[in-house]
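Commentary on secondary and tertiary structure
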Amino acid sequence: MNILTQDIKYLQGVGPQRATLLANELNIKTVGDLLTYYPYKYVDRSRIYKIRDIDANMAYVQLCGQIYSFESMGEGRNKRLIAHFVDGTGSLDLVWFQGIKYAAKNYDCRKTYIVFGKPTVFNGHLQIAHPEIELAPDHLKVEVQTMGNLFEKEPQNPNLQEKAIEAQPTVFKGLCPSYNTSEKMKKSGLTSAGMAKLTANMFKLLKEPLTETLPLYITAQHHLMSYDEAIRNIHYPTSPEALRHAQLRLKFEELFYVQLNILRYVKDRQLHYKGIVFSTVGQHFNDFFYHHLPFQLTEAQKRVIREIRADMKSGRQMNRLLQGDVGSGKTLVALMVALIAIDNGCQACIMAPTEILAEQHLDTLREFLGDMPIRVDLLTGTVKGKRRTEVFKGLVTGDIHILVGTHAVIEDNVLFHQLGLVVIDEQHRFGVAQRAKLWMKNHVPPHVLVMTATPIPRTLAMTLYGDLDVSVIDELPPGRKPIRTIHMFDAHRQRIYELMNRELQLGRQIYIVYPLIKETEKMDLKDLEAGFEEISKAFPSYKVSKVHGKMKPAEKDTEMQRFASHETHILVSTTVIEVGVNVPNASVMIIENAERFGLSQLHQLRGRVGRGADQSYCVLVTKYELSNTTRRRIQVMVDTTDGFEIAEQDLKLRGPGDLEGTQQSGMAFDLKIANLAQDGQILTLARDSAQAVITSDPDERNQQNDILWRRLRELRKTNVNWGAIS
Ligand code: ADP
Ligand code: MG
């Protein structure tokens, strides 16, 4: 019987009630689940501090001494119990706001305790609130008492304490694990310390070494600790050095299996699905290229089109990610590769995340194509009734060459004559599973091009889109001046107005954007209305448009259109303009409450200006008091216009879990120990290592690798999202 699969309920110290808690709160159901519930930090309990040496800036400290007296203070909610604690070098207060009765009953004056907690200062007094506290063992007590009278003077021989530490490893535990737990768990005694008791009990059961989870040749190659040693040290490190090794081993392993899963999936996909072969670049492409292209392609655009072209004639299904900063000209690339599909008797479909963007794409494509005999049509949620039927018909007959749409196009009842290419713009709202759904639209799955203007840090791309090949447009069309970004405080309104006036007089247009947060939509709208009033008053000789999400689409469109055609000069809006609108004459982007936006969102918004040849400005308006992180985020925007740099910084400042799109994607974010913001190097090693396995053992015959495939199967069973990609 494998201990690891045993119900957690039977572990000493658990029982049915706590078992339910563990399952509900942490999804820990078996002993094995607890084994991989890693501490989130470690507290150094290898030394005992003297009260005179500690101050409120220190993290957790361990003290040894006695309670001199108790004191009850306050009434009602302010009620608290204070124990005056002394160790011969000074005194501090132990304070309880809760569990007062328990503390008063269980702790005694003049007994020697080991006390553990975070020192703070209150009313000029050092204190530790809700300390962990345990009776010092007997011989330590003797040692401490021989230091002399604790309550009056300095100890005679301070070295005694150090000796006691050495003599008493059961109390001075070295690096102690801290486990995250919930409020509910704490009420049932499952605090961090409570969890530590459970993991300690678990290790008492695990006498045999744990089964290794990586082949020996891989652990040897990367000088990794064994699984058994790593797991034991991750919970109870024998030294800081051992802890580092354990972390490395477990991070590597975690990332390795994520990559092995992805790369194996890629291999299978290539094995099972043939790609449609687009053998020619024909009449439409050439006609467009020679007669309709309004400008020269940038070198980057040309290179990317070549890469895509190579995929599409290879006989393999293309799955490619196209990264290119805002304004780098991805739409044109999408159009040109769609023309290749059409030249080869296929249809193309371009998907956008919002209706506005889909509509804009439709317009852009139609404008680019001019009088070419290519039918482009639109399918979104608002295309209804007769229009919808017409579109459906045109798709089945093949009369529609390019369909532009939103999520609506992946619905099962949307059928194509011969779908050969799917372009997904602003990918981050589409998960792997959704992409896979698109393949069913043809008997041979269409080529897939995923485009993003939110550059993704490499580590994230490798995990989130690890199944995709990557192309990058790393060059903007010529003649664009970098946008100047300025940070201003609310209070500097006058200076903002001066800048606006100057630009308006030059005939330019201005965006003003307000944040929109769903929970407080009403309030946000009020901000926007107030802003609109204020601006209208401050600029009486200019016309001001207003656009927000609560307006009817038609109304919204009209207002946008008025701004686009220069009928109005200032557009006050919520983030509905984030993606899409292209008004080259607009030269100023003012973002109100900029602190409330994510970096990539700010970058997107800023990308709305700087589309013409003139100097453009982005003004980030914030309140005066900002947290350090926010200040740094704003500074990043001021310092750079490089989307990749911004994405890297965003990942560092916020962590992968908060980045846009990562929640839906699932695949990579069940990470228990690796951190994509910090472990880029380990990730690269893991990816290369996984790739080497796939390449050297494509048929999975090498017995040394048996352990890998078995482990992968186990992980796929327990990791719901992993299964979703096959
Ligand atoms: P994004 O990559 O953000 O989707 P777009 O495709 O919207 O960028 O392109 C931004 C603007 O640049 C559009 O007005 C487009 O027509 C223009 N553009 C695209 N490619 C070029 C080019 N090679 N030279 C000049 N302008 C270009
Ligand atoms: Mg675009």
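Position labels on residues start from 1 in each chain and follow its written sequence. As a convention, the first chain written is A and the first ligand written is 1, with the rest following in written order. Owing to the predicted nature of the model, reporting of local features is limited to residues with pLDDT of at least 70; listing and counting of side-chain atom pairs is limited to 80 or more, with chain, interface and lining totals taken over all residues. Each side-chain value is derived from all of the structure's non-hydrogen atoms; neither hydrogens nor water enter the calculation.

Turning our attention to the pairing of strand 21 (residues 586–591). Of all the 6 residues making up strand 21, 6 are buried; the element is thus mostly covered by neighbouring parts of the structure. For the handedness criterion, the β-α-β arrangement of strand 21, helix 21 (residues 599–606) and strand 22 (residues 617–622) is classed as right-handed. To sort residues, take the accessible area from a 1.4 Å probe on protein chains only and compare it with the maximum for the residue type: under 20% means buried, over 50% means exposed, and anything in between is partly exposed. A run of DSSP states H or I qualifies as a helix once it reaches four residues; a run of E qualifies as a strand once it reaches two. Both are numbered from the N-terminal end. Looking down the strands as they point away from the viewer, one classifies a crossover as right-handed if the path from the first strand across the helix to the second runs clockwise.

Once that is clear, we can look at the confidence of the model for the chain. The quantity known as pLDDT measures the predictor's confidence residue by residue, on a range of 0 to 100. For the chain, mean pLDDT is 86; residues scoring 70 or higher make up 88% of the total. We call two residues in contact whenever any of their non-hydrogen atoms come within 4.5 Å of each other. For residues 145–172, every residue scores under 50 in pLDDT, and the model assigns this stretch 47 contacts once sequence neighbours within four places are set aside. Of the regions scoring below 50 in pLDDT, residues 659–668 engages in 27 contacts with residues more than four places distant in sequence or in other chains.

This next bit is on the site of ligand 1. Only heavy atoms are used to decide nearness, and a residue is near a molecule or strand if one of them lies within 4 Å of it. Among the 18 residues in the neighbourhood of ligand 1, the closest are listed as Gln296, Gly327, Lys330, Thr331 and Arg480. N or O atoms within 3.5 Å of each other form a polar contact, as long as, within protein, one can give a hydrogen and the other can take it, and as long as residues adjacent in sequence are counted only when both atoms are side-chain atoms. Gln301 places a polar side-chain atom, nitrogen or oxygen, 2.8 Å from a nitrogen atom of ligand 1. Within the side chain of Arg480, a nitrogen or oxygen atom sits 2.7 Å from an oxygen atom of ligand 1. No other element matches helix 13 (residues 330–343), which puts 3 residues into the shell around ligand 1. Taken together, the residues that form the shell around ligand 1 break down as 6 nonpolar, 8 polar and 4 charged. Classes in brief: Ala, Val, Leu, Ile, Met, Phe, Trp, Tyr, Cys and Pro nonpolar; Asp, Glu, Lys and Arg charged; the others, Gly included, polar.

The next thing to look at is helix 23 (residues 643–654). Expected span of a helix, by definition, is 1.5 Å for each gap between consecutive residues, and there is one gap fewer than residues. With 12 residues, helix 23 extends 16 Å from end C-alpha to end C-alpha; this agrees with the ideal 16 Å at 1.5 Å per step. For helix 23, the full list of buried residues reads Gly643, Ile646, Ala647, Asp650, Leu651 and Leu653. Taken together, the buried residues of helix 23 touch helix 17 (458–464), helix 21 and helix 22 (628–639). A side-chain oxygen of the first residue of helix 23 lies 2.8 Å from the backbone nitrogen of Phe644; this N-cap is Asp642.

Sheet strands associate in pairs through backbone hydrogen bonding, adopting either a parallel or an antiparallel arrangement. Two strands make a pair as long as DSSP finds a minimum of two bridges between them. With parallel pairing, 6 strands are arranged side by side in an open sheet as 17-22-21-18-20-19. A single partner strand is all that each edge strand has here, and the edge strands are strand 17 (484–489) and strand 19 (544–547). Here the strands of the sheet are splayed against their neighbours by 20 degrees on average, with no regard to which way each runs. Where strand 17 meets strand 22, 6 bridges bridge the pair, whose relative direction is parallel. Here the axes come from fitting lines to C-alpha atoms, over the contacting stretch only for helices, and the angles between their N-to-C directions go from 0 to 180 degrees.

All right, on to the packing of helix 21 against helix 22 then. With their axes 10 Å apart at the nearest point, helix 21 and helix 22 run at an angle of 30 degrees to one another. When you trace helix 21 past helix 22, the crossing you get is right-handed. The segment helix 21 lies against helix 22, with Leu599, Leu602, His603 and Arg606 engaging Arg633, Val636 and Met637. Residue composition of the contact of helix 21 with helix 22, by class: 4 nonpolar, 1 polar and 2 charged. Each crossing gets its handedness from the near helix: less than a right angle anticlockwise from the far helix is left-handed, clockwise is right-handed.

What follows covers the pattern of salt bridges. Here a salt bridge means any side-chain nitrogen of Lys or Arg lying within 4 Å of a carboxyl oxygen belonging to Asp or Glu. Summed over the entire model, instances satisfying the criterion amount to 31 salt bridges. When the shortest N-O distance is used, the salt bridge between Glu25 and Lys184 registers 3.9 Å. Placement of the pair is Glu25 in helix 1 (residues 15–26) and Lys184 in helix 6 (residues 183–187), with a sequence separation of 159 residues. By relative accessible area, Glu25 is classed as partly exposed at 30%. In this structure, the salt-bridge partner of Lys302 is Glu299, at a minimum N-O distance of 3.2 Å. Placement of both Lys302 and Glu299 in helix 12 (residues 299–312) is noted, with a separation of 3 residues, approximately one turn of the helix. Each member of the salt-bridge network shares a partner with another, and the members are Glu212, Arg249, Glu253, Arg711 and Glu714.

For the pair helix 21 and helix 23, interaxial distance at closest approach is 9 Å and the crossing angle is 160 degrees. Viewed along their axes, helix 21 and helix 23 adopt a mutual orientation that is roughly antiparallel. Here helix 21 runs over helix 23; the crossing is right-handed. Touching Leu599, Ser600, His603 and Arg606 of helix 21 are Gly643, Ile646, Gln649 and Asp650, all from helix 23. Every angle not falling under 35 degrees, over 145, or within 65 to 115 is termed oblique; those three ranges are roughly parallel, roughly antiparallel and roughly perpendicular.

Here we come to the pairing of strand 13 (residues 402–405). Along any regular strand, the residues point their side chains to alternate faces of the sheet. Burial along strand 13 is two-sided: Ile402 and Val404 and Leu403 and Gly405, pointing in opposite directions, are all buried. With 4 bridges joining them, strand 11 (residues 347–351) and strand 13 adopt parallel strand pairing. Across the sheet, residue Cys349 finds its bridge partner in strand 13, namely Leu403. Strand direction decides the pairing type here: strand 12 (residues 376–379) and strand 13, joined by 4 bridges, are parallel. Directly across from Leu378, in strand 13, lies its bridge partner Val404.

What follows deals with the nonpolar core. What we call a nonpolar core is a set of buried Ala, Val, Leu, Ile, Met, Phe, Trp, Tyr and Cys residues that are connected through their side-chain atoms within 4.5 Å. Counting 102 residues, the largest nonpolar core has Phe256, Leu260, Phe288, Ile402, Leu421 and Leu708 as the members making the most contacts within it. The dominant element in this core, judged by the number of residues it contributes, is helix 13, at 11 residues. When residues no more than four places from it in sequence are discounted, the contact partners of Phe256 are Leu214, Ile218, Ala686, Ser689, Ala690, Val693 and Leu708. Counting 34 residues, the second largest nonpolar core, distinct from the first, contains Val14, Val31, Leu210 and Leu243.

Take the sheet that holds strand 13 next. Sheet architecture is open: 7 strands sit in the order 12-13-11-14-15-10-16, paired in parallel fashion. What marks the edges here is a single partner per strand, and that holds for strand 12 and strand 16 (469–473). Averaged over neighbouring strand pairs, the angle between their axes works out to 20 degrees when direction is ignored. Across 5 bridges, the pairing between strand 10 (residues 319–324) and strand 15 (residues 447–452) is parallel. Paired with Asn319 across the strands is Val448, a residue of strand 15. Its contacts with the sheet put helix 12 on strand 10, strand 14 (419–425), strand 15 and strand 16, and the angle it makes with strand 16 is roughly 160 degrees.

Further remarks concern the environment of Gln247. Residue position: Gln247 is located in helix 10 (residues 240–272). The exposure class of Gln247 is partly exposed, given its relative accessible area of 25%. For the pair formed by Gln247 and Asn233, sequence separation is 14 residues and the distance between their alpha carbons is 8.6 Å. Filtering out sequence-adjacent residues up to four positions away, Gln247 remains in contact with Tyr42, Ile234 and Ile673.

The residue Asn593 is not glycine, and still its phi comes out positive at about 50 degrees. Considering the arrangement of structural elements, one finds Asn593 in the loop between strand 21 and helix 21. Here Glu700, not a glycine, exhibits a phi torsion of approximately 60 degrees, which is positive. Within the fold, Glu700 resides in the loop between helix 25 (680–696) and helix 26 (706–718).

The subject of this paragraph is the packing of aromatic side chains. Pairs were defined over the aromatic rings of Phe, Tyr and Trp, the Trp ring being its six-membered one, requiring ring centres within 6.5 Å. Orientation was assigned from the angle between planes: stacked under 30 degrees, edge-to-face over 60, tilted for the rest. Taken as a whole and assessed by the stated rule, the structure comprises 14 aromatic pairs. Judged by centre distance (6.1 Å) and plane angle (85 degrees), the rings of Phe203 and Tyr236 are edge-to-face. You can see Phe203 sitting in helix 7 (residues 192–205) and its partner Tyr236 sitting in the loop between helix 9 (227–235) and helix 10, a full 33 residues away along the chain. For Phe203, a relative accessible area of 13% translates into the label buried. By relative accessible area, Tyr236 is classed as partly exposed at 29%. Geometrically, the ring pair formed by Phe285 and Phe289 is stacked, given 6.2 Å between the ring centres and 10 degrees between the ring planes. With Phe285 and Phe289 both in helix 11 (residues 283–292) and 4 residues apart, the pair spans about one turn of that helix.

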